[in-house]
Amino acid sequence: MSPAAEDQVILASSAYWLQEMVNKMNDSVKKSGMKANVGKTNVMMFKRDESTPEYDILVEEGSIPIEVDFKYALGISMTAINSGNRSE
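Anyway, here's the lowdown on the structure attached to this text. (Residues numbered from 1 in each chain as written. Predicted model: local features only at pLDDT ≥ 70, side-chain atom pairs only at ≥ 80, totals over all residues. Heavy atoms only, no water.)

With that settled, the discussion passes to the overall build of the protein chain. Across its full length, the protein chain holds one helix and six strands. The helix and strand sequence of the protein chain, counted from the amino end, reads α-β-β-β-β-β-β. Within the protein chain, the fraction of its 88 residues that count as buried is 19%. The long-range share in the protein chain, meaning contacts at least 24 apart out of those at least 6 apart in sequence, stands at 52%. In the structure as shown, the protein chain presents an accessible area of about 7000 Å², 53% of it carried by carbon and sulfur atoms. (Helix = DSSP H or I, 4+ residues; strand = E, 2+ residues; numbered from the N terminus. Buried < 20%, exposed > 50% of the residue type's maximum accessible area, 1.4 Å probe, protein only. Contact = heavy atoms within 4.5 Å. Areas by Shrake-Rupley, 256 points an atom, 1.4 Å probe, with all protein chains shown as cover.)

Take the environment of I64 next. Within the fold, I64 resides in strand β3 (residues 62-64). For I64, a relative accessible area of 5% gives the class buried. For the pair I64 and T41, spaced 23 residues apart in sequence, the C-alpha separation works out to 6.4 Å. Not counting residues within four places of it along the chain, the set of residues in contact with I64 comprises V22, V38, T41, N42, V43, I57 and V59.

Under the criterion given, the structure shown has one aromatic pair. On the basis of an interplanar angle of 80° and a centroid distance of 4.9 Å, the ring pair of Y16 and W17 is categorised as edge-to-face. (Phe/Tyr/Trp six-rings, centres within 6.5 Å; stacked < 30°, edge-to-face > 60°.)

On to the nonpolar core, then. Counting residues in hydrophobic clusters, the biggest one holds eight residues: A15, L18, V22, V38, V43, I57, V59 and I64. Elements supplying a minimum of two residues to this core: α1 (15-31) and β2 (57-59). Residue contributions to this core peak at three residues, all from α1. Dropping the residues within four chain positions of it, V59 is found in contact with V22, N26, V38 and I64. (Core = buried A, V, L, I, M, F, W, Y, C linked by side-chain atoms within 4.5 Å.)

Let's shift gears to the pattern of salt bridges. Taken as a whole, this structure holds one salt bridge when the rule is applied. We note a salt bridge from E60 to K30, for which the minimum N-O separation is 2.4 Å. Residue E60 is located in the loop between β2 and β3, and its partner K30 is located in helix α1; the two are separated by 30 residues in the primary sequence. (Salt bridge = Lys/Arg side-chain N within 4 Å of Asp/Glu carboxyl O.)

Moving on, we come to the side chain of N26. Along the polypeptide, N26 turns up in helix α1. For N26, a relative accessible area of 5% gives the class buried. The contacts of N26, once residues within four sequence positions are left out, are A36, V59, E60 and E61.

Here is the structure:
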């Protein structure tokens, strides 16, 4: 049986710090003999304004998609407020 990790949430005040924490998480996961599943990993920005550029959050396996809406496995829905992509 392959080792598995539970769901995790990482909160950061900027894309830079999010990337730093994702890097540390990925290093920890690798040391445990696992790897991050990019296909099941998402990034959501809850605050974005005109001056905030888009960022790619990267792991070795590729880029993590930035979502505006996300539905968690238990049916909990989250929507990014002020995402600029929401219709009123």
